[in-house]
Amino acid sequence: MASAPTSKYNSHSLENESIKRTSRDGVNRDVGETLPRLPGEIRITDKEVIYICPFNGPIKGRVYITNYRLYLRSLETDSALILDVPLGVISRIEKMGGATSRGENSYGLDITCKDLRNLRFALKQEGHSRRDMFEILTRYAFPLAHSLPIFAFLNEEKFNVDGWTVYNPVEEYRRQGLPNHHWRITFINKCYKLCDTYPALLVVPYRASDEDLRRVATFRSRNRIPVLSWIHPENKTVIVRCSQPLVGMSGKRNKEDERYLDVIRETNRQVNKLTIYDARPNVNAVANKATGGGYESDDVYHNAELFFLDIHNIHVMRESLKKVKDIVYPNVEESHWLSSLESTHWLEHIKLVLTGAIQVADRVSSGKSSVVVHCSDGWDRTAQLTSLAMLMLDSFYRSIEGFEILVQKEWISFGHKFASRIGHGDKNHADADRSPIFLQFIDCVWQMSKQFPTAFEFNERFLITILDHLYSCRFGTFLYNCESAREKQKVTERTVSLWSLINSNKDKFKNPFYTKEINRVLYPVASMRHLELWVNYYIRWNPRIKQQQPNPVEQRYMELLALRDEYIKRLDELQLANSAKLSDPSASPSSPSQMMPHVQTHF
């Protein structure tokens, strides 16, 4: 049954709010409009529960569970509450209370979510009502543990735009002016035999043979050799990414690796040194030697200079975000807010990532030298630094499709371990590989958009929608750890791309203040007094925190733009009618206005 527009307010999802208002996303509803459903979404069960709302107390409602979402509708006349939670967002499901629990609403389920909220449901103690709900939720929230497909493979949504065609590596490198006399495209990794976590297509120095690449791969962690990410259109300095060299405690050397970095430096004859940015703190890089890793020392790599950027590892970031959740959900403690926020160190980490990216961008923009960026394995901090530096340097990536290409290229194709960092469909919530690295990157982008409000074509909703679907498992975009795994699972054939949803309704994600500028480099201020907590993301579940969506200034500007478009349309119609009259010889001009030339009005 086709969806009918409805204005019911849902405070729990920006993207799902739009689903309830329109049927263009292909959402179906059960009789009585009790449950929105996507094509391919199947209702599994429903049950009457008490939702223990942390803001308004217990609310009686009916919860519906499908193979995609948990959906709760209030049954109380004085509450219009709706909860709409994709099961992919769920990190952990625990039983609270026992059969002998006596307190009111003390028996039920406690659900921890990946998007900084918890859900608690109280159920009746008789009739195994909790066990049924627990088993169904566990089965569909963690399909990999039950040999079930992730919902993205069952999703039958259709869009008028195919998001999988957004990124074509050959076209993107061609846009950058590659290949050229110094850089070539190689298909040495076509079958992922050189490096199973790299994309099939790589850009490498023209003077480096495929055999050279194989030798270099043996000396780089996970075989992730230095390859080009971006080239400056004028001074031809480059950003190159890779993993750490396998130096070890004994200080091993590899002549091919040393020569290869020299060849990268020589692709631009105006620079004498190659700059290497190691994202790690110095002490961590030294400690990595004990496990066979390490860094490029000046006495071995003579024509390179090394800088450490002091960005901490995935475990530190995970603990920092946990502390953020503690201070924002369910309640914000106003009296100690600043000291509480400082104790999380979250903004400190944001500052270090942005500062590192600014250094990379400045080196390349100034033409001082080409830059090599790496951390340990080159898929976490490295992706943050290269993508943010490219966003600062290249205005193309600040458009909607340009940003999608940036994410596809630097994060998805170059093997950021989305499956391990997010845990799609995986019940192991305590996995040490989980970490909010991509969230941190999007937060950095948001910080930049706050400092440069006219520089980005996309708005805040665009960024939040990306993060919502990072977890939702509705689309195939962020599934699996690398390109080779996605190809094996035929992700582009069997799932829908998130960019299909966004690009089929771009107006919703556009920044009305956007002013397109070519070759403008953005240098955000990365000092603590210019950074702020992203309230509309981290504290959006709290109804007491006033949401800035939509921004009243932005809304008024949109109305004025619509009015302008309406005037232009009417003017065009008048000009067309006037033109027809002038070209008709039988129509003699009866008034001076009919002799009026074409009017051109510039808005």
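As the structure is a computational prediction, the values presented were derived from the model and not from experiment. Position labels on residues start from 1 in each chain and follow its written sequence. In keeping with the predicted nature of the model, local features appear solely for residues at pLDDT of at least 70, side-chain atom pairs appear and are counted solely at 80 or more, and the whole-chain, interface and lining totals rest on all residues. For side-chain calculations, the full set of non-hydrogen atoms in the structure is used, while hydrogens and water are omitted.

Our focus in this paragraph is the nonpolar core. In this description, a nonpolar core means a group of buried Ala, Val, Leu, Ile, Met, Phe, Trp, Tyr and Cys residues linked to one another through side-chain atoms lying within 4.5 Å. Think of it in three bands: with a 1.4 Å probe and only protein chains considered, a residue is buried below 20% of the maximum accessible area for its type, exposed above 50%, and partly exposed in between. In this structure, Phe 121, Leu 137, Phe 403, Phe 438, Ile 466 and Tyr 538 are the most contacted members of the largest nonpolar core, which totals 116 residues. In terms of residue count, helix H9 (residues 346–366) provides more of this core than any other element does, ten residues in total. In terms of domain composition, this core takes at least three residues from each of domain 1 (43–141) and domain 2 (169–533). With near-sequence residues (within four places) excluded, Leu 137 lies in contact with Ile 65, Leu 70, Leu 87, Ile 90, Ile 93, Leu 109, Ile 111 and Phe 142. Judged by nonpolar contacts, the second largest core, of 37 residues, contains Val 204, Ile 231, Ala 285 and Ala 304. In this description a helix means any DSSP run of H or I spanning at least four residues, a strand means any run of E spanning at least two, and both kinds are numbered starting from the N terminus. Where each domain begins and ends is defined by an automated method or by a domain database. Contacts between residues were defined by any pair of non-hydrogen atoms, one from each residue, lying within 4.5 Å.

This brings us to the layout of surface pockets. Each pocket or cavity is described by its volume, and for the second largest pocket that value is around 800 Å³. Along the walls of the second largest pocket sit 28 residues, with Ser 91, Thr 112, Cys 113, Lys 322 and Lys 325 positioned nearest its centre. Going through the elements one at a time, strand E7 (90–96), strand E8 (108–113), strand E9 (118–122), helix H7 (314–328) and helix H12 (418–422) are the ones with two or more residues in the lining of the second largest pocket. Ranked by residues supplied to the lining of the second largest pocket, first place goes to H7 with five residues. Residue polarity follows a fixed list, in which Ala, Val, Leu, Ile, Met, Phe, Trp, Tyr, Cys and Pro are nonpolar, Asp, Glu, Lys and Arg are charged, and the others, Gly among them, are polar. Partitioning the lining of the second largest pocket into residue classes produces twelve nonpolar, five polar and eleven charged. Both domains that furnish three or more residues to the lining of the second largest pocket are identified here as domain 1 (43–141) and domain 2 (169–533). Put plainly, a pocket is an open set of points on a 1 Å grid over the protein atoms alone with protein on both sides within 12 Å along at least five of seven lines, a cavity is a set where a 1.4 Å probe fits but cannot get out, and a lining residue has an atom within 4 Å of a point. Grid points are joined across faces, edges and corners, and a volume is the space filled by probe spheres set on the points.

DSSP-based pairing: two strands are paired if at least 2 bridges between them are found. Taking strand neighbours across the sheet as the criterion, the five strands line up as E12-E13-E16-E14-E15 in an open arrangement whose pairing is mixed. Each having just a single partner strand, strand E12 (227–231) and strand E15 (304–308) make up the two edges of the open sheet. Within the sheet, the average angular offset between the axes of one strand and its neighbour, ignoring direction, is 25 degrees. Relative to strand E16 (residues 371–374), strand E13 (residues 238–241) is paired through three bridges, and the arrangement is parallel. Looking across to E16, one finds that Arg 241 is bridged to Val 373. Every axis in this analysis is a line fitted to C-alpha atoms, fitted for helices over the stretch in contact. Angles between the N-to-C directions lie between 0 and 180 degrees.

On to empty space enclosed by the protein. Scanning all chains against the criterion turns up two cavities of 30 Å³ or more. Estimates place the volume of the second largest cavity at around 50 Å³. Here the lining of the second largest cavity is composed, by residue class, of two nonpolar, two polar and four charged.

Now for the UniProt feature "modified residue: Phosphothreonine" in the protein. UniProt positions are given in the numbering used here, feature names are shortened, and annotations may be inferred rather than shown by experiment. Cross-referencing UniProt, the feature "modified residue: Phosphothreonine" maps to Thr 495 in the present numbering. Here Thr 495 shows up in the loop between helix H16 (491–494) and helix H17 (498–503).

This paragraph deals with the sheet that holds strand E4 (residues 57–66). A sheet is described by the order of its strands in space; here seven strands give the open sequence E6-E5-E4-E3-E9-E8-E7, paired in antiparallel fashion. The open sheet is flanked by strand E6 (82–86) and E7, the only strands paired with a single partner. Taken pair by pair, the neighbouring strands of this sheet meet at an average axis angle of 30 degrees, ignoring direction. Examined bridge by bridge, strand E5 (residues 69–74) and E6 share five bridges and lie antiparallel to one another. Within the sheet, the bridge partner assigned to Tyr 71 lies in E6 and is Asp 84.

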